[in-house]
Structure formats: C-alpha cells, structure tokens
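# A structural walkthrough
These are the residues of each chain, in order.
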Amino acid sequence: MDVHLKYAFGRFQEQFGSGPGLGPGSGTNLMKIDGVAPPFIKSIYRAAAALYRTDPWRRLRPGHLFGVRVGKDLDWSSKKQVFSCIQFIGGDGGDIALYMFRSEIDAMKMTGPRETIRVPNVEVLRVTYELDSVMLPSNKRFVMSLALEVSGEDRYPVIDVGRSTTTGELQFRNPTFEELRFVYAVMKGASLLHPLLQQDYGAAPKWSRVIYFEPFIETVDVQWPAEVTKGNDLVAVTISYPPGRGYQEKYSSSSSSTPTKHSEVPKEEKFIDVKSNIAVCFRQCMMCKEEVNREQSICCGHCSAVVYCSSVCQKQHWKEGHKDVCGLYRAMMEREEELAIKIFVFACSAEQPCKWLESLGIHQKGMWRRKCSCYSHCPYGLLPVPGGLWDSWGGLDENEYPHDSPFHNHFRDGISSSILLSGWLEYYNLRSLPLTSPVADILSHPLTVYYILTALSISSKNLLLKNKEVILHYIGPEGELDWMAAFAEIGHLLHGMGNIQIIMVGPEVPTNLSGTTSGIGSRVRVNLVRGLYQDEASYLPTPHVIVALNCGVGSYSSWGGALDLIKSMNIPAYFTNESELSCSNSKQVLRAAGLHISYPVTPNPFRSPVRIFGTSTNFPSYRNCFLLGVNT
C-alpha cells in the first residue's frame, strides 16, 4: 500500500507540481497562433533550451524579481512593454518555469513563500519546462513533427498565459504573436545576463539560506530570428535586479531598437584588467606604425576610428587611401556597441598582441605563439609540438582552459543529446570556465565551425542528428594549422551525434604535411591538402559545407577561381571577415563572382573578443566577426 501511495503521489507531483507554480498541462498550441510559422517555433524552443542549460534555478528563487525591457516602448503595438517583471520558478521544488508579469505589483501579489498565489484577473505568461513523460499527446506529436529541440535531458517548454477567475478557477490561453516575440527576446537575454549576478554576502542574515545579490542592471543585444525580423536585426534586452531600477531611453532618428541605455554608469571598469594596463596607454600610428601615447595621439575627426602620431602622418594617410574608407570606418564605429562582447573581464589589444600575451603570462607559449608575429619565421603547422594539453594552452591554470573530456549531464534516456550553443557565455558556463580566461580568442575558429554546422546549415545539422558524417572543406587555413588541440572541442560538442571530416585546403599547408590525416578525438578527422582550392577540389570528397574564416576574399586575386568553382558546385558556403570594412569588400567580390548572399551580414556569436583599448575611441577590430552565407 505504501508503494502504491508513493507512486500515486509521485504522479501527482509530475502532473501538478509540488511547489511554486500553477502546474503544467494547459493544452496550449503554438501552431494555432496567427503569424507563427514552424521556423519561429523552432527558434523559440532553441532559445528556451539555451536558457534551461544556464540553470538559473540553481541560484534564483521566486522572491528574486527582475525588471526587464525589450527595445523601446514604441516597438510594441500598445506603445508599452508587454511585460516588465520576471521570476524563475522551481529552484525550491515543483514546476521549473519562467514567469512574466505585467508589473512588479502583480508579481509581488502572486509570490508566496512556497507557492504561487492565485490573484483574480491577473495574467501571467509562463514558460513551463514539462517532463516528456507527462506532456499531452498532442504536444508530443507537435514536438516530434517539427523535430523541436529538447531542453536539458527530457523536458520541453510549454508557453501559455494563465489567469485565475474570482472563483479560483484557472484559465489558460495561447500567447499572442507579439507576446511570443517578447518572450523569445527575454529568454535569450536572460540566459546571457543572469549568470553575471554577483552575490552580496553582507546583505543576507546569517541564518538565511536565501542568496542575496548586488543591485544589477545590464543590457545585451539579441538577434531576432530571420522569420520575425521587422526591419531591425537586433534588439536591446535590459534586465535589472531588483526591478524598478532607473532606465533612460535615448531616441534616435534611426529605426534600430538598440539605443536603450542605462541611466547609471554600467560596470565596464572590470572589462579592463589591471594586468594589461601596459597595453592601454599606447596605440600605433596608422601610417608609420610608431607607438604613440594616448594623450599625444591625433584622431581622425570624421570617423574617430584611427590615430596618428602627427598631422604629417594623418595627411599622408588620407591621400594614400583613408579618404576612400573613412565613411566605412565611421559606419563601423556607429556599430561599436552592437559588436561589443561585454561579458569578458580580460582586455586585449589587437595592435599590441605581444604586450597583451605578456600580461597574461602566455607570450611565446603553446598555441598562443600564432597570436603575434614572434614566430612568423616558423611555417604554419610546424610549431614545435608541446608535451600536452596544458602546454598547448600556454600553461594556463587548470580551471582556465577546456580539458579533453566530454560534457556531462546531457543525456536523455541514456542517449547523448545534442549541445546547441548561442554564444560565449553559454559555452563558458558549460565548461565552468571563468570569464577571465582568454581561450575564446583561439576557440573562436572551431566554435564558429560548430555554429555553422549546427545552427546555420540545416542539411549538416540533420546529418549530424542522424549520426552520419559531414564533410567540410575548410579553405585558406593559417594559424588553425597549429590549433588542432582547440579543434578537438568540436568532437566533445558533437556529444553523441555524427562525425565531421574537415579537409583543410590552402597554400599555407606545409608540403610535408599535405596528404596527412589526423584523428582529433573520436568524432573529428582532419585532412591537410596543400594548394589552391580550385586546383585541388576535384580530387577531394564532395563536401556538404564549405567554410573560409578570415580568408581575405577581397584581398587576394587567387580567390577568383575558387569562387567560380564554389558557384558551380552549388554547395552551402560560409565566409567570415575581421571587420565591417573587409566584409564590405568581400560582399562586392562575392557578388561580382555571381554568388548569392542568402542573408544579410550578421555578427558571429563566436567571434574572437579582441578589442583595442587606449584612446578616446575604441576601434572595434573584432576577429572572425561577420558571417556571410553563400549559396545557402
């Protein structure tokens, strides 16, 4: 009898929850909402899975209320934010969910010590992570038919809007299309920002088990899915703790939603590490490359992007070509905030990499030797092989680099589940790396490849999910030839999916390595081929995807033959560039070759967080920054 009661009580908990929450099982259906197409539903489930993997319930409780803003009030049909307060449910048992309230007052009314209080006629939008075993059959068929992404091990999000009547009865409805757009942005923004909360050890009573946090307000740019973009690719999501912290909207003549600003000074000071101050005070003259003190430098008055040691160099540089690109530099500077990667607490200088590497204690060590010119005399791929992974990462502390080990806690019914990443913060959390670790600067290349295969190329993603092999042609490798230890991370991220054969083709491949094959882990194999792609492609296996990262498409004439070949192959191809300037040149070259760019230039979420410091302006020279899709 006791066993029977235990089983029955367990089923009751699964069906109705045991703690805070209104209980799952509302029976809502996203397919019945006007304007909601399957691609957007897939994007919503992907965002919900990304939020779930950051595990906010580990630290947050229903009493932790957050203010939230998405874009400007004018972006929404009612000229007002749809919801302004959120909380995470399930940290102390019961339903695991994200609740969204129309006001802080409504949130406080419905937040009880152990369960959600039913307040008549107050609506709450819920993203409830239901167990696969208790989902309604209609929702199960819905998930299977669209191959929607699973959250965690065996949960899927159910999104609905609930309210309690005056008699205490619960009623549910489907969210509107506008509410779904709002909750998508909130989930993406929350997954990036809530890990940044700092615990306030002095605020909590000694006997309290509840974590208290320092006041917090931060903004992150979220990219809309292509299917719901309304003129703007990005929207600013601001989350504050506690809610009600001051905001100040800065209206602009542009149509972008991103100008939302904090009314207080954000905590940007931590972005500049004291150890790297040696690299902060100097910049290089754009003309003569001489180091110049920040206070003595001359800045271009039009674009504010480049500096000179004297007016002589400034005038000479203007004549020699800056006048042709000054407008593009200015446009790039206007996108500086959009391109900024604000989560990292290390600063680095693209102009003075040696000083930056010295400040971290990794100069002329391991894979970092390809981050400056000190080893330019050594051909690519032929750096002396260090003793082990610790040596490859330049002797970083044990907790500062990814170890050659699989990811845990991503299994469903004993089977590995796919790991889909949306950005650096999610990866760092997954690997338990501190944000002071500079490994993103090297991992940018392999994780960009993984992002292309699992998020952009649908055909490749389907092959991997079916546990099949994807053949990838990697054109124009250079430093990557010495970063094979970093490319091993792709195999761990595959986590039970298919295999990848990477064929690296380029003139920088050493002659003695051409034709060799290396197994990097159990799921990634790398072949090296020396030569121009147009000369060697006919001897290679037909690819599923072609990638070229920071390859200088607009700088080398030899790319003409390769682009003609790619056009004739009609294979999905992806190019990245270091800056908007080089990206603009590349677009012109690609279009001149008759290649179709299937979607606009988009920032790569796994770009290298390299940023130049030390002047009144910060020229955003991010590496591996922009993505161009060709023939996709």
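Structure's up top.
Residues numbered from 1 in each chain as written. Predicted model: local features only at pLDDT ≥ 70, side-chain atom pairs only at ≥ 80, totals over all residues. Heavy atoms only, no water.

Scanning the model with the defined rule gives 25 aromatic pairs in all. Each ring, one from tryptophan 424 and one from phenylalanine 606, has its centre 5.2 Å from the other, and the planes form 85°; the classification is edge-to-face. One end of the pair, tryptophan 424, is in helix α10 (residues 424–431); the other, phenylalanine 606, is in the loop between β23 (597–603) and β24 (626–630), with 182 residues separating them in the sequence. Of the two residues, tryptophan 424 and phenylalanine 606, neither departs from the other in class, the shared state being buried. Taken together through their ring pairs, the aromatic side chains of Tyr52, Trp57, Phe66, Phe88, Tyr129, Phe213 and Tyr241 make up a single cluster. Here the basic side chain of arginine 181 rests over the ring of tryptophan 224, its NZ or CZ set 4.2 Å away from the ring centre. Between the NZ or CZ atom of arginine 369 and the centre of the ring of tyrosine 375, over which it lies, the distance is 5.4 Å. (Phe/Tyr/Trp six-rings, centres within 6.5 Å; stacked < 30°, edge-to-face > 60°. Helix = DSSP H or I, 4+ residues; strand = E, 2+ residues; numbered from the N terminus. Buried < 20%, exposed > 50% of the residue type's maximum accessible area, 1.4 Å probe, protein only. Lys NZ or Arg CZ within 6 Å of the ring centre and 35° of its normal.)

This part covers the nonpolar core. Counting 122 residues, the largest nonpolar core has Trp393, Trp424 and Ile502 as its most contacted members. Tallying contributions element by element places helix α5 (residues 177–193) first for this core, with 11 residues. Each residue touching tryptophan 393, except ones within four places of it in the same chain, is listed here: Ile362, Met367, Trp368, Tyr401, Pro402, Val439, Ile442, Leu443 and Ala486. Membership of the second largest hydrophobic core comes to 25 residues, among which are Val505, Ala548, Ala562 and Phe575. (Core = buried A, V, L, I, M, F, W, Y, C linked by side-chain atoms within 4.5 Å. Contact = heavy atoms within 4.5 Å.)

Before going further, it helps to spend a moment on helix α2 (residues 38–53). Taking 1.5 Å per residue as the helical rise, α2 with its 16 residues ought to reach 22 Å, and the 23 Å between its terminal C-alpha atoms agrees with that figure. Across the 16 residues of α2, 12 count as buried, placing the element largely inside the fold. Looking at α2, one finds that the buried residues are Phe40, Ile41, Ser43, Ile44, Tyr45, Ala47, Ala48, Ala49, Ala50, Leu51, Tyr52 and Arg53. Note on α2: the residue one or two positions beyond its end, aspartate 55, has a positive phi of about 55°. (Expected span 1.5 Å × (residues − 1).)

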